[in-house]
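As a plain string of letters, each chain reads:
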Amino acid sequence: MKNIQIISRNKYKNLKEYRLIEEGIYRCLRAGVDVERGDYVIALSFTLEVERGELDNRQYPMRDIQDKFYAVISEVISGEDLSNIIEYEFSTGGELADIQALKSIVGKEVYNEDFEEEGIIYTKLVIK
């Protein structure tokens, strides 16, 4: 995945529901219906890399990104079709540092890479 960018969403302009913390990161203000998914949110756009097989398998490295940064995909904004661009809203369960760490991948390339250790093949998340 490459060309990772923060995307703006109209719903974040609703100051009764969201408070801007820093560029791209918002705090959910209401308890209940829309906020049960987490306290902090960020919306990101990714370009899938055909040469890495990401169009065929969209689950990884996205699942590894979620695990590394303790975030969940709270909303699929776009990309469920065959497009090579996907947009997701991520949320965390309350730690601002986790969503800030997730934001650190903006502008970087993220992919999975296989490596062998003692005859066993493992996969690691690479961020560069």
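Just so you know, the residues in each chain are numbered from 1, in the order the chain's sequence is written. Two thresholds apply to this predicted model, a pLDDT of at least 70 for residue-level local features and 80 or more for giving and counting side-chain atom pairs, whereas whole-chain, interface and lining totals are computed over all residues. Excluded from the side-chain calculations are hydrogens and water; all other atoms, namely the structure's heavy atoms, are used.

> Whenever I open this one, helix 1 (residues 62-69) confuses me. Can you help?
Three or four residues apart is the spacing at which side chains of an α-helix point the same way, because the helix has 3.6 residues per turn. The buried label applies to any residue whose accessible area, calculated with a 1.4 Å probe on protein chains only, is under 20% of its type's maximum; exposed applies above 50%, and partly exposed to all values in between. Strands are runs of DSSP state E lasting at least 2 residues, helices are runs of H or I lasting at least 4, and numbering of each runs from the N terminus. Residues of helix 1 that are buried: Met62, Ile65, Gln66 and Phe69. Buried residues of helix 1, viewed axially, fall in a sector of 100 degrees; they line one side. For helix 1, the secondary structure elements touched by its buried residues are strand 4 (40-47), strand 5 (71-78), strand 6 (85-92), helix 2 (96-103), strand 7 (110-117) and strand 8 (120-127). Downstream of helix 1 by one or two residues, Tyr70 has phi in the positive range, about 50 degrees. Think of the arc as the fan of directions from the helix axis to the C-beta atoms. Residues count as neighbours in contact if any of their non-hydrogen atoms are within 4.5 Å of one another.

> Help me understand the side chain of Glu54, please; the structure alone is not making it clear to me.
Looking at the secondary structure, you find Glu54 in the loop between strand 4 and helix 1. Buried and without a salt bridge, Glu54 has Arg52 as its closest oppositely charged side chain, separated by 5.0 Å. Polar side-chain contacts of Glu54 include one of 2.8 Å to the backbone nitrogen of Glu49. Excluding its chain neighbours within four sequence positions, the residues that come into contact with Glu54 are Met1, Thr47, Leu48, Glu49, Pro61, Val110 and Tyr111. Neither His nor the chain ends is counted toward charge; the positive residues are Lys and Arg and the negative residues Asp and Glu. In what follows, salt bridge is the name for a side-chain nitrogen of Lys or Arg lying within 4 Å of a carboxyl oxygen of Asp or Glu. Side-chain atoms alone can form a polar contact between residues adjacent in sequence; in general such a contact is a pair of N or O atoms within 3.5 Å, and within protein one must be able to donate a hydrogen while the other accepts it.

> For this particular structure, what's the right way to read the pattern of salt bridges?
Taken as a whole and assessed by the stated rule, the structure comprises 8 salt bridges. The salt bridge partner of Glu22 is Lys103, with a shortest N-O separation of 3.1 Å. Of this pair, Glu22 sits in strand 2 (residues 18-22) while Lys103 sits in helix 2, and the two are 81 residues apart along the sequence. Relative accessible area serves as the criterion here: at 27%, Glu22 is assigned to the partly exposed category.

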